[in-house]
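Summary of structural features
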Amino acid sequence: MSQINRRSVVRGAAWSVPVVAAAAHAPAYAASTDPPTIAGPSAFAGSCKQPGGPNTVNCQGYRLSINFSVQPGDPWNITFTDVVLNGTSYISGTSPKTVTGLTTTSSMVTLVVCTNTNSQGPVTAALTYTATNTRTNVTTTVSTGTIDLGVVPPCS
């Protein structure tokens, strides 16, 4: 029977520490593929109502500034498939429909929604979009449900 000395045990333990440390972080990075989300009314801060009219280039409707919550890691491409304001879908009058390269440092999206209405009251919004992770190429559909934006101020 061979005898194991203390130096051999310490040398073996020293090599195992970096392997354990690296393996401990791998699952956390791999799990950070949750699609970008919209965290309620506060995500729409800065949104405004556009006046529209025949002498203006912008449509009557809303400019929605949406701050997405994006997990650290991969960039995302977002494609809006439905934009519902006060119960009516305005996806055909929405621009842009696709936003590329959404990250934790670039998470603000501005949508222009032409509504041809002159609502002065509170506004509700419900958005449906697909989010594609550009690293894994996995696409997820996200629906926000109805979000009460309150009275949206006029654009200045």
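The structure we're discussing is the one just above.
Everything numeric here is computed off the predicted structure, so don't read it as measured data. (Residues numbered from 1 in each chain as written. Predicted model: local features only at pLDDT ≥ 70, side-chain atom pairs only at ≥ 80, totals over all residues. Heavy atoms only, no water.)

When helices and strands are tallied, the protein shows one helix and 10 strands. The N-to-C order of helical and strand elements in the protein reads α-β-β-β-β-β-β-β-β-β-β. Burial analysis of the protein (156 residues in total) assigns 33% to the buried set. Taking the intrachain contacts of the protein between residues at least 6 apart in sequence as the baseline, contacts between residues at least 24 apart amount to 66%. For the protein, the exposed surface amounts to about 9,300 Å²; the carbon and sulfur share of it is 57%. (Helix = DSSP H or I, 4+ residues; strand = E, 2+ residues; numbered from the N terminus. Buried < 20%, exposed > 50% of the residue type's maximum accessible area, 1.4 Å probe, protein only. Contact = heavy atoms within 4.5 Å. Areas by Shrake-Rupley, 256 points an atom, 1.4 Å probe, with all protein chains shown as cover.)

What follows covers the pattern of salt bridges. Tallied over the entire structure, the rule returns one salt bridge. Residue arginine 135 is joined to aspartate 74 by a salt bridge in which the shortest nitrogen-to-oxygen separation is 2.9 Å. Taken together, the positions of arginine 135 in the loop between strand 8 (122-133) and strand 9 (139-143) and aspartate 74 in the loop between strand 2 (61-67) and strand 3 (76-85) put the pair 61 residues apart, joining distant regions of the chain. Judged by relative accessible area, arginine 135 falls into the partly exposed class, the value being 46%. On the basis of relative accessible area, aspartate 74 is assigned to the buried category, the value being 5%. (Salt bridge = Lys/Arg side-chain N within 4 Å of Asp/Glu carboxyl O.)

Bridge analysis of strand 3 against strand 6 (residues 98-102) gives three bridges, and the strand direction is antiparallel. Residue tryptophan 76 lies in a different strand from strand 6, and its bridge partner there is leucine 102. Bridge count for strand 3 against strand 4 (residues 88-89) is two bridges, and the pairing is antiparallel. Of the residues in strand 4, the one forming a bridge with valine 84 is serine 89. Taken together, strand 3 and the strand that follows it, strand 4, pair antiparallel across an intervening segment of two residues, in which asparagine 86 is found at a positive phi of about 50°. (Pairing = 2+ DSSP bridges.)

A word on the packing of aromatic side chains. Scanning the entire structure with this criterion turns up three aromatic pairs. Counting every residue linked through ring pairs, the aromatic cluster contains Phe68, Phe80 and Tyr129. Taking the ring centre of tyrosine 62 as reference, the NZ or CZ of lysine 49 above it sits at 4.7 Å. (Phe/Tyr/Trp six-rings, centres within 6.5 Å; stacked < 30°, edge-to-face > 60°. Lys NZ or Arg CZ within 6 Å of the ring centre and 35° of its normal.)

Another aspect to go through is the state of the cysteines. For the structure on display, the rule yields one disulfide. Linked covalently through their sulfurs, cysteine 48 and cysteine 155 form a disulfide whose S-S length is 1.9 Å. Its torsion about the S-S bond being 85°, the disulfide of cysteine 48 and cysteine 155 is classed as right-handed. Of this pair, cysteine 48 sits in strand 1 (residues 48-50) while cysteine 155 sits in the segment after strand 10 (147-151), placing them 107 residues apart in sequence. Judged on exposure class, the residue cysteine 48 and its partner cysteine 155 are both buried. (Disulfide = S-S within 2.5 Å.)

Structurally, proline 41 can be placed in the loop between helix 1 (6-30) and strand 1. Considering only alpha carbons, one finds proline 41 and alanine 125, 84 residues apart in sequence, at a separation of 9.2 Å. Discounting chain neighbours no more than four positions away, the residues touching proline 41 are Ile147, Asp148 and Leu149.

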